[in-house]
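Coordinate inspection notes
So the chains spell out like this:
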Amino acid sequence: MTTLTTLQKLARSSADHLIKLGLSDSCSLKLVSDNVQQYVLQRERRVGRENVIKVGMSAFVTEVVDCDPSVLDVDDKLHRIRTSQRTELTVEKLIDFMDFDHSERIGVLQWLQVLVNYIPQLESMKAEVALLFRTKGAKIPLPHTRKTTIYPLSTVAKNENITSEFCDALLDFLAQIGQTPESYKRRLVWSGGDGLTFEWHMQIKVYMRGESNPVEAFTLLEPYPESWHTGATHLNLIYKTHWGSLLTDDPSKLGHSAAKINQKGPQNVKKVNYYPSLYTVLVVVDVCMLDCWRILLGADVIFKYFDDLEEMCTLPTLATLKEHVKTLFFRYSTQKGYNNAQTGRVPTEGPFAFAEGRAWTPPILDRSSLPTTAAEAEIGQPKYGGDQCLANSIMFIHNALLCREFSQSVAEGDPGRLYECIKCMCFSFAGSSHGKYMGYMLEMITNLELQLSPALKDAFLRNILINPSGKAGRYMEGDLYLEHLNLELEDMIKKKSAEWDSPHLRNVIAPNTAHFVTLKNSLHEGIGLAKMRGCHTVPHSRPEVKTLLKTYAKYNLHRLRPGRHYRDIKSDLNTIGKGVKVLMEGKLKKWISESTRMCYVAPTATIEEALHAIDTELAAQRDIDGSNTQQPTPGIVSYRDGELIVDVGAEDMVNEEFIWEGEEEMAAWSNENLENEWSLTEHADGADEMDNQADGVDNDGH
């Protein structure tokens, strides 16, 4: 039996099995789809042999677990839509949906987690803190080693940017799971994708509503936005809000810290490389929190402080640390802490009282270099009494902890915690330029809270994450897994001059993509290398931590220095506060009006006219916020031994523990960033000198 024959039999067997699952009374399926494309170069160009972009769509399905198929009742969902309280939604109700007690517990635990992860003397507490996350901090914990069975579908040569072709692709995917106009199960099929794919799902349901058949009208589809692109968009928001530049003199800026630890800046802060950027954010926020711990404990150097306690046999217990940790949480990672530092209205005692730092000496600015309006604005202005630098650092900690909790809740497999992050991110998106994702999150929250039965809501959350490896700490988002499968498909079509719907690619390669990933790992097992990883181990970050701790201590970053500010005093980085404000001022009402029309108004035009209208309407939106062109750089996020691990440059093979090297991809990433950034090794001394001059200290830090 040849390899090709075996692959064909596997594909046919999988296709038959999927149809049986789709028509089964005891099983239901979840669909995740995305576009897939590859630029194919011709080695010898001739007439009819041109370089082309092969565009198509790919998808996979998984079985819905922990769910009674009877809760996926289409008619019950339609009834709930008609009787929904969507039009009565208010900002106050959105806030009421949030579990603030849970957010406080998680925030407090994160402050504990950072300390026990970085202080060697407290390493024995890591397991206990990890247990607190899984007990007191848990919402909907999934089984640690529950393995998700993945069924890749056959690809189609359809362009999702053209609505009529997107419609054809969805019908093709539904047919592969047994849902055809002639034969179907009248129950909901969850259908996920990135933000723009989710929007097109919603649009196509509106414009095809005139069809009488529920399959052709897509009544069976229940669209939802997958999570990875949401988290990536929030990471972009953090960079756009807090980056500054690599040469900034403001120590609260992310760019200032990145320069100190030799991290390259992004080419575009609106769309950053995911894994390297996530690593930078998590390292910087960890050290910011350690510096806050240092101040609270009254230490000069936090590592020496615990060394001395160990020598005197007076190390603190976890109960003792818990007495301090709430003060740190409220003081340095809450909205009120930010507002206190920004306005200068700081209490002298209590959890919101900051330790005082050196008197602030403003840097000498050349007013001739400032815009005329800015120079004139400073004349006659009252003296600023707040500490903008401290306030900005508090807001960075607040946003970065939300980013960390998002990643950690995914890796640990707790969709309840993930959903709490999404509720908070909705306000951040509303207060930023990511208005499209605000709409996606509002639709998701409204659907879950107002339009689904409690049983269906619970079933959805329990199935939003997948774990192809079946290993603890290796849960992941469906759209991220599909991006990994697409890399295999794109590599395959690059070697074969074929279309996405060619018989070989559609009927042999695509249905076996997940097997190819597993096979690479099985080969290692067969030659006795099962325990060996395919790349270097993740390097530690101790030098970076020590460098940043010295920097923050030198500038008194987390001590109150009234009057401290750099450049524009009026800048406000509180995107959550802005989001609440703009939603109250009418943005929420506008969204309700538009989304209600989408949910309840049937089209009066013909199907052809409707499809043309939607293509025209979305044409201008494909390259703005919500675009699905962002792809993950090589890397993996996992949760091991109580720590969130970001392995930059490793290609996650997603089904096994070993990871392929990503040397070529990382080299390309480094070269691209070096083109637009100065060499840090050449300018490090100059940057330090500029920092010292700006803060009024000499080269010895005095």
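Shown above is the structure to which this text applies.
In this report, we go over the structure that sits alongside the text.

**Re the overall build of the protein chain**
Looking only at helices and strands, one finds 26 helices and nine strands in the protein chain. Looking at the 702 residues of the protein chain, the share that counts as buried comes to 56%. For the protein chain, the proportion of contacts with a sequence separation of at least 24, taken over those separated by at least 6, is 80%. Counting only carbon and sulfur atoms, one obtains 53% of the accessible surface of the protein chain, whose full area is about 30,800 Å².

**Points about the nonpolar core**
Counting 173 residues, the largest nonpolar core has Trp-111, Leu-115, Trp-293, Ile-302, Tyr-332 and Leu-588 as its most contacted members. Considering every element that reaches this core, the biggest residue donor is helix α10 (residues 274-297), with 17 residues. Counting residues in hydrophobic clusters, the runner-up holds ten residues, among them Leu-489, Trp-500, Ile-509 and Phe-516.

**Observations concerning the pattern of salt bridges**
Overall, the coordinates contain 22 salt bridges when judged by the stated rule. For Lys-139, the salt bridge identified is with Glu-420, shortest N-O distance 4.0 Å. Within this pair, whereas Lys-139 is found in the loop between α5 (126-134) and β3 (150-152), its partner Glu-420 is found in helix α16 (residues 415-430), the two being separated by 281 residues in sequence. With its nearest N and O atoms 2.7 Å apart, the salt bridge here joins Arg-417 to Glu-405. Residue Arg-417 is located in helix α16, and its partner Glu-405 is located in helix α15 (residues 388-412); the two are separated by twelve residues in the primary sequence. As far as burial versus exposure is concerned, Arg-417 and Glu-405 are alike and both buried. Three or more residues joined by partner-sharing salt bridges are found here, namely Asp-99, Lys-139, Glu-420 and Lys-423.

**With respect to the sheet that holds strand β1 (residues 29-40)**
The mixed open sheet is built from five strands, whose spatial order is β3-β2-β1-β4-β5. Of all strands in the sheet, those bounded by a partner on one side alone are β3 and β5 (221-225). Each adjacent strand pair in this sheet contributes to an overall mean axis angle of 30°, direction not counted. With twelve bridges connecting them, β1 and strand β2 (residues 52-63) associate as antiparallel partners.

**Points about the environment of Leu-442**
With respect to the element layout, Leu-442 can be found in helix α17 (residues 435-451). Expressed as a C-alpha distance, the spacing of Leu-442 and Ile-592, which sit 150 residues apart in the sequence, is 9.3 Å. The contacts of Leu-442, once residues within four sequence positions are left out, are Leu-94, Cys-426, Leu-588 and Trp-591.

**Section: a nonpolar patch on the surface**
A cluster of nonpolar side chains, Tyr-39, Leu-41 and Ile-53, forms an exposed patch at the surface whose accessible area comes to about 330 Å². As for its position among the elements, Leu-41 is in the loop between β1 and β2.

**Notes on the pairing of strand β4 (residues 189-193)**
The buried fraction of β4 is high, at five of five residues. On β4, burial covers both faces: Val-189, Ser-191 and Gly-193 on one face and Trp-190 and Gly-192 on the other are all buried. Looking at chain direction, β4 and β5 are connected through five bridges and run parallel. Bridge pairing in β5 links Gly-193 to Pro-225. The handedness of the β4 to β5 crossover, carried by helix α7 (residues 195-207), is right-handed.

**As for the pairing of β5**
Here β5 lies mainly inside the structure; five of its five residues are buried. Of the two faces of β5, the one carrying Leu-221, Pro-223 and Pro-225 and the one carrying Glu-222 and Tyr-224 are both buried.

**Some remarks on unusual backbone geometry**
Located in the positive-phi region is Cys-313, a residue other than glycine, with phi close to 55°. By secondary structure assignment, the location of Cys-313 is in the loop between α11 (302-311) and α12 (318-332). A relative accessible area of 70% means that Cys-313 is categorised as exposed. Positive phi outside glycine occurs at Asn-556, with the angle close to 50°.

**Here's the deal with the packing of aromatic side chains**
Overall, the coordinates contain 17 aromatic pairs when judged by the stated rule. Measuring from centroid to centroid gives 6.2 Å for Trp-190 and Tyr-224, while their planes differ by 80°, and the two rings are edge-to-face. With Trp-190 in strand β4 and Tyr-224 in strand β5, this residue pair connects regions lying 34 residues apart in the sequence. For Tyr-224, a relative accessible area of 3% translates into the label buried. On the basis of an interplanar angle of 90° and a centroid distance of 5.3 Å, the ring pair of Tyr-305 and Phe-306 is categorised as edge-to-face. In this structure Tyr-305 comes out as partly exposed when scored by relative accessible area, which is 25%. Using a relative accessible area of 0% as the deciding quantity, one classes Phe-306 as buried. Grouping aromatic residues by their ring pairs yields a cluster made of Phe-198, Phe-429, Tyr-437 and Tyr-440.

**Looking at the packing of α16 against α17**
Packed helix pairs are specified by the crossing angle of their axes together with the interaxial distance, meaning the distance between the axes. At a closest axis distance of 8 Å, the pairing of α16 and α17 adopts a crossing angle of 140°. One way to sum up the angle between α16 and α17 is to call them oblique. The handedness of the crossing between α16 and α17 is left-handed. Counted together, Tyr-419, Ile-422, Lys-423, Cys-426, Phe-429 and Ala-430 of α16 and Gly-435, Tyr-437, Met-438, Met-441, Leu-442, Met-444, Ile-445, Leu-448 and Glu-449 of α17 form the full contact between these two elements. In the contact of α16 with α17, the residues fall into twelve nonpolar, one polar and two charged.

So, how was this worked out
Residues numbered from 1 in each chain as written. Predicted model: local features only at pLDDT ≥ 70, side-chain atom pairs only at ≥ 80, totals over all residues. Heavy atoms only, no water. Helix = DSSP H or I, 4+ residues; strand = E, 2+ residues; numbered from the N terminus. Buried < 20%, exposed > 50% of the residue type's maximum accessible area, 1.4 Å probe, protein only. Contact = heavy atoms within 4.5 Å. Areas by Shrake-Rupley, 256 points an atom, 1.4 Å probe, with all protein chains shown as cover. Core = buried A, V, L, I, M, F, W, Y, C linked by side-chain atoms within 4.5 Å. Salt bridge = Lys/Arg side-chain N within 4 Å of Asp/Glu carboxyl O. Pairing = 2+ DSSP bridges. Axes fitted to C-alpha atoms, helices over the stretch in contact; angles between N-to-C directions. Patch = residues over 30% accessible without salt bridge, like charges linked within 9 Å, V, L, I, M, F, W, Y side chains within 5 Å. Right-handed = clockwise from strand over helix to strand, strands pointing away. Phe/Tyr/Trp six-rings, centres within 6.5 Å; stacked < 30°, edge-to-face > 60°. Parallel < 35°, antiparallel > 145°, perpendicular 65-115°, else oblique. Left-handed = near helix turned anticlockwise from the far one by under 90°. Nonpolar A, V, L, I, M, F, W, Y, C, P; charged D, E, K, R; others polar.

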